[in-house]
Amino acid sequence: MADPPGCGRPCATCLLCLYSCQWITAKKEKRKGLQTTKCDCSWFLFLFCVFLFTLVWLYFAIIILNDFHNFNEFIFKQRKFWLDWSLVLLIATAVLITYSSVLLVLALCLQLCGQPLKLHWLHKTLLILTALVVAAAFAGLGIKWAEEWRSARTSLQATGPFLHIGIVGGMTLLAWPLASFIYRTRKTGLKVFLLVLYCMVMTVLYLAPLGITSPCIMEENQLPPKPALVGHRGAPMLAPENTLMSLQKAVDCNVQVFETDVMVSADGVPFLMHDEELTRTTNVQDVFPERTSLNSTAFNWTDLQQLDAGSWFLERRPFPTVQSLSAGDRYWATKQRIPSLKEVLQATKQSNLSIMFDLRPENHSDYQSFVNATLEVILQSGIPLQQVLWLPDGFREQVKQQAPDIQQVYGRKRLQDEKEPLLHVNLPYQDMSSEEIRQYHRDNISVNLYVVNQPWLFSVLWCSGVSSVTTNACQVLKEMKRPIWLLPSSTYLMIWVVVDCTSFLTILWAFFLLKKCSQRRRPAESKTDVLLTKINSLMQE
């Protein structure tokens, strides 16, 4: 098999060595008569599918980073062990995608060099393991974290136009090895099949923008106002969550609402705490080792005040931003204690900040007394009741009667037969489409979506017209002056046409150029064959 122009024997030998794990020089390969068999083609197809599989998983891995802190908390509750699993996810994904990408590039280069695709058994084994690992990851995602499928659907509104350009570019580059293979093989049926398949795929890709929709494809003057920021447990990337320090950092981030979670101690004092156990965000294991598994509401307020609610933040580093804290902030964090609701209401009142909270645990037998104690503290605090956003559903009617000025926020969509019009809803960002957000906006219903940490997601919701978002990354989102991208429909149409035309012309050029190379190679190969035949005849005589 002759080497095509531009592909020297040392280069071909090196590619063969890496792909086949054997040092086979071009001369030996020719003497052995190695050729790409149907089995080799099947393994190349499997390699290509594994590459696409891992590429899709890489996309999912990047998307779910927005919600990965929830996964870290879930693992801690199960194993009592803290680790930022997002690093493990990204490193493992990077290894898998790099390995499959390198193998695919080697195979395509070998095809362009006219060399056989003899994949070594070790690579075959590793490819199968890669496919199984990625399949297991997708299965686990579907079983334990099914809402992330809806997150991926939302992400396509942010990435759809750019994914289209990337996929068209990748398929365009694939025209080179495809043309090389078509001009080498003598199987007419296979040629026709590959050409028809490739043309069908490219046609679908060229027309794909007809089905791509994004709220950020709009004119500049149609952009809705920037959504207000709601600090999720304060500013948890800058300070220990649900502490006075976290509240102050949220104020510095210009958030309009402090979102938190309230529990009531055994002696009736409402305090801030998210988890039902104290192990994640306090040093309860050191102070009360025999009571670590007790519910947070089983502790008296005096006991709770003995706990350190800030040092864990520096030790476990729940977010990468902890490393960049100043010495003053680190010292401040070590002095944090569990704050009472009374203290927090006083701080929000002074900062002219609204407060929105859940009352936990909802299934507690004394839940009504929790509601009464919380409501009593609110009414005694002197905070304007319009600054209090009430999330708990339990005994909501009682709260409306005793404090009608408190703003009622519902964790559900409106019903067809709604008795009272909803004014505020608080939902996961996966639960509302862009169309629903716009409809709620037209009906003067304030929509808050949680938890939004990544700029790409914030951009999509901004373009959709959401009223506010709950975030861990207030220090990032406050710096955004506009969505990451905003394209007028006419500009997007122009990009679409230019990309498709450029791709089409590049594909034609690839097939034309490789056809010329193939035609030049055939006469040389024919002359060499005639010369070898004459020499063989002379030797026999």
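In this report, the structure presented in the accompanying data block is examined. Just so you know, these numbers come straight off a predicted model, no measurement behind them.

### Some words on the state of the cysteines
For the coordinates displayed, the defined rule picks out one disulfide. Here C216 connects covalently by a disulfide to C463, the sulfurs 2.2 Å from one another. Disulfide C216 to C463: torsion about the S-S bond roughly 100°, handedness right-handed. Note that C216 is positioned in the loop between α9 (188-207) and β1 (228-232) and C463 in helix α19 (residues 455-464), a separation of 247 residues in sequence. Side by side, C216 and C463 carry an identical accessibility label, which is buried.

### Some details on the side chain of N453
Along the chain, the position of N453 falls in the loop between β8 (446-450) and α19. You can call N453 buried: its relative accessible area is 8%. Within polar-contact distance, the side chain of N453 engages the backbone nitrogen of N472 at 2.8 Å. For N453, the residues in contact, after removing those within four places along its chain, are N66, T471, N472, A473 and L477.

### Observations regarding helix α3 (residues 38-63)
Every α-helix winds through 3.6 residues per turn, so residues three or four apart in the chain are directed the same way. Over its 26 residues, α3 extends 38 Å from the first C-alpha to the last, a length consistent with the 38 Å expected when each residue adds 1.5 Å. Here α3 has its buried residues at D40, W43, L47, V50, F51, T54, W57, Y59, F60, A61 and I63.

### Here we look at the nonpolar core
Judged by nonpolar contacts, the single largest core of 59 residues is most densely connected at I378, I406, L449 and L461. Here this core gets seven residues from one element, more than from any other, and that element is helix α16 (residues 367-381). Not counting residues within four places of it along the chain, the set of residues in contact with L461 comprises Y429, I437, L449, V452, V466 and V469. By size, the runner-up hydrophobic cluster in this structure holds 18 residues, among which are L47, I97, L104 and L117.

### With respect to the pairing of β8
Strand direction decides the pairing type here: strand β7 (residues 424-428) and β8, joined by five bridges, are parallel. Following the sheet pairing, H424 is matched in β8 by S446. In this fold, β7 hands off to helix α18 (residues 434-442), which returns the chain to β8; that crossover is right-handed. Sheet topology note: the β8/strand β9 (residues 468-471) ladder contains two bridges and is parallel. What sits directly across from L449, in β9, is V469. Note on the crossover from β8 through α19 to β9: the handedness is right-handed.

### Some words on the packing of aromatic side chains
If you walk through the whole model with that rule in mind, you get 20 aromatic pairs. Here the aromatic rings of F60 and W149 are separated by 5.1 Å at their centres, their planes lie at 70°, and the arrangement is edge-to-face. Remark: W149 occurs in helix α7 (residues 147-173) and F60 occurs in helix α3; sequence separation between them is 89 residues. A relative accessible area of 9% places F60 in the buried class. The partly exposed category is assigned to W149, whose relative accessible area is 36%. Look at W312 and F313: their rings are 5.9 Å apart centre to centre, the planes differ by 80°, and that puts the pair in the edge-to-face class.

### Description of the environment of R233
Structurally, the position occupied by R233 is in the loop between β1 and α10 (244-252). Assessed through its relative accessible area of 5%, R233 is described here as buried. Considered as a pair, R233 and T470 are 237 residues apart in the sequence and their alpha carbons are 9.3 Å apart. Those residues in contact with R233 that sit more than four places away from it in its chain are E73, E241, N242, S246, F258, E259, D261, H274 and R280.

### With respect to the side chain of S100
Locating S100 in the fold gives a position in helix α5 (residues 85-112). Engagement of the side chain of S100 in a polar contact is seen with the backbone oxygen of L96, the distance being 3.1 Å. The contacts of S100, once residues within four sequence positions are left out, are L47, V50, F51 and T54.

Cut-offs used in this document
- Residues numbered from 1 in each chain as written.
- Predicted model: local features only at pLDDT ≥ 70, side-chain atom pairs only at ≥ 80, totals over all residues.
- Heavy atoms only, no water.
- Disulfide = S-S within 2.5 Å.
- Helix = DSSP H or I, 4+ residues; strand = E, 2+ residues; numbered from the N terminus.
- Buried < 20%, exposed > 50% of the residue type's maximum accessible area, 1.4 Å probe, protein only.
- Polar contact = N/O pair within 3.5 Å; in protein donor to acceptor, adjacent residues only side chain to side chain.
- Contact = heavy atoms within 4.5 Å.
- Expected span 1.5 Å × (residues − 1).
- Core = buried A, V, L, I, M, F, W, Y, C linked by side-chain atoms within 4.5 Å.
- Pairing = 2+ DSSP bridges.
- Right-handed = clockwise from strand over helix to strand, strands pointing away.
- Phe/Tyr/Trp six-rings, centres within 6.5 Å; stacked < 30°, edge-to-face > 60°.

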